[in-house]
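Structural description and commentary
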Amino acid sequence: MRSALLLCCGSHRWAERVAAHRPYPDADSLLAASDEACYDLTAAELDEALAGESLSPLPLAGARGPATLAAHTALRAAHAEYERRFRHVFVICLDGYRDDELLDQVLSGIRTRLGNEPEEERAVAADELRRLARGRLARILAPEP
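Here we summarise the structure given alongside this text. These figures come from a predicted structure and were not determined experimentally. (Residues numbered from 1 in each chain as written. Predicted model: local features only at pLDDT ≥ 70, side-chain atom pairs only at ≥ 80, totals over all residues. Heavy atoms only, no water.)

1. Regarding the packing of aromatic side chains
Which entries qualify depends on this criterion: Centres within 6.5 Å are what make two rings of Phe, Tyr or Trp a pair, Trp counting through its six-membered ring; a difference in plane orientation under 30 degrees is then read as stacked, over 60 as edge-to-face, and the rest as tilted. In this text, helices come from DSSP runs of H or I with a minimum length of four residues, and strands from runs of E with a minimum of two, each type numbered from the N-terminal end. Exposure categories follow from relative accessible area, calculated using a 1.4 Å probe and restricted to protein chains: below 20% of the type maximum is buried, above 50% is exposed, and the middle band is partly exposed.
Evaluated as defined, the whole model comprises two aromatic pairs. Taking the centre distance of 4.8 Å and the plane angle of 55° together, the rings of Tyr82 and Phe86 count as tilted. Remark: Phe86 and Tyr82 occur in helix 5 (residues 68–86); sequence separation between them is four residues, near one turn of the helix. Take Tyr82: its relative accessible area is 0%, and that puts it in the buried class. We classify Phe86 as buried; its relative accessible area is 8%. Relative to Phe90, the ring of Tyr82 has its centre 5.1 Å away and its plane inclined at 80°; by these criteria the two rings are edge-to-face. Among the aromatic residues, those joined into a cluster by ring pairs are Tyr82, Phe86 and Phe90.

2. Section: unusual backbone geometry
In this chain, Arg22 is followed by Pro23 through a cis amide linkage whose omega measures 0°. Within the fold, Pro23 resides in the loop between helix 2 (12–20) and helix 3 (27–39). The phi torsion at Arg87 lies on the positive side, around 65°, for a residue other than glycine. Classification of Arg87 by relative accessible area gives exposed; the value is 68%.

3. Observations regarding the nonpolar core
Selection criterion: Joining through side-chain atoms within 4.5 Å is the link that ties buried Ala, Val, Leu, Ile, Met, Phe, Trp, Tyr and Cys residues into a set, and such a set is a nonpolar core. Two residues form a contact once any of their heavy atoms are found within 4.5 Å.
Formed by 38 residues in total, the largest nonpolar core has its most connected members in Leu5, Trp14, Val18 and Leu137. Apart from the residues lying within four places of it in its own chain, the contact partners of Val18 are Leu5, Tyr24, Leu30, Ala33, Ser34 and Ala37.

4. Notes on the packing of helix 3 against helix 7 (residues 118–141)
Applicable threshold: In this analysis, axes come from line fits to C-alpha atoms, helices being fitted only over the stretch in contact, and the angle between any two N-to-C directions falls in the range 0 to 180 degrees. Here is the rule for angles: anything less than 35 degrees is roughly parallel, anything more than 145 is roughly antiparallel, 65 through 115 is roughly perpendicular, and the remaining ranges are oblique. Two helices that cross are described as forming a left-handed crossing if the nearer one is turned anticlockwise from the farther one by less than a right angle, and a right-handed crossing if clockwise. Throughout, the ten residues Ala, Val, Leu, Ile, Met, Phe, Trp, Tyr, Cys and Pro are labelled nonpolar, Asp, Glu, Lys and Arg are labelled charged, and all others, Gly among them, are labelled polar.
Put simply, helix 3 and helix 7 touch, their axes get as near as 9 Å, and they point 155° apart. Taken together, the axis directions place helix 3 and helix 7 in an arrangement best described as roughly antiparallel. The two elements helix 3 and helix 7 meet at a crossing, and its hand is right-handed. Facing Ala27, Leu30, Leu31, Ala32, Ser34, Asp35, Cys38 and Tyr39 of helix 3, the residues of helix 7 in contact are Arg130, Ala133, Arg134, Leu137, Ala138 and Leu141. Here the contact of helix 3 with helix 7 is composed, by residue class, of ten nonpolar, one polar and three charged.

5. Details of the side chain of Glu121
Structurally, Glu121 can be placed in helix 7. Note on Glu121: relative accessible area 0%, which makes it buried. Sequence-distant contacts of Glu121, defined by excluding residues within four places in its chain, comprise Tyr82, Phe86, Arg113 and Asn116.

6. Thoughts on helix 6 (residues 102–113)
The condition is simple: One fewer than the residue count of a helix, multiplied by 1.5 Å, yields its expected span. Think of the arc as the fan of directions from the helix axis to the C-beta atoms.
For helix 6, with twelve residues, the first-to-last C-alpha span of 16 Å sits near the 16 Å given by 1.5 Å per residue. Every buried residue of helix 6 is listed here: Leu102, Leu103, Val106, Leu107, Gly109, Ile110 and Arg113. Down the axis of helix 6, the sector holding all buried residues measures 165°, keeping them to one side. Set apart from the buried face of helix 6 by more than 90 degrees, the exposed residues are Asp104, Arg111 and Thr112. Tucked into the core, helix 6 has its buried residues touching helix 5 and helix 7.

The analysis is restricted to geometry; functional conclusions fall outside its scope.
Structural data, given as structure tokens:
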């Protein structure tokens, strides 16, 4: 159970807290517990969770067309600048976006967030991490098609 939870959020304390309260009566209760555990992460636990995220941006599914190579080059440069400025990886939850919107959303998000002050960005990154964990849990719970 904890190994599956750690795939949703890389904080061991988060995984322990979520696992400790099982069984959950329903999916909404599990997702609420996930949110609460994310809100309670200490700075060190947030660092641990962020360190568990991908260190390098992967090509985004659905990104096609003549400008894709240039966009991916810009994305790699933006990721490098983000990591230099904030000392952790860029995280963004893209749940609800179509494949053809992903690249634009990431580029827009990273460019906007590069203007944040470090403490403001930690709060934004923590919320994005919470949303990522919630979406990952929801996908684990979803019945196979």
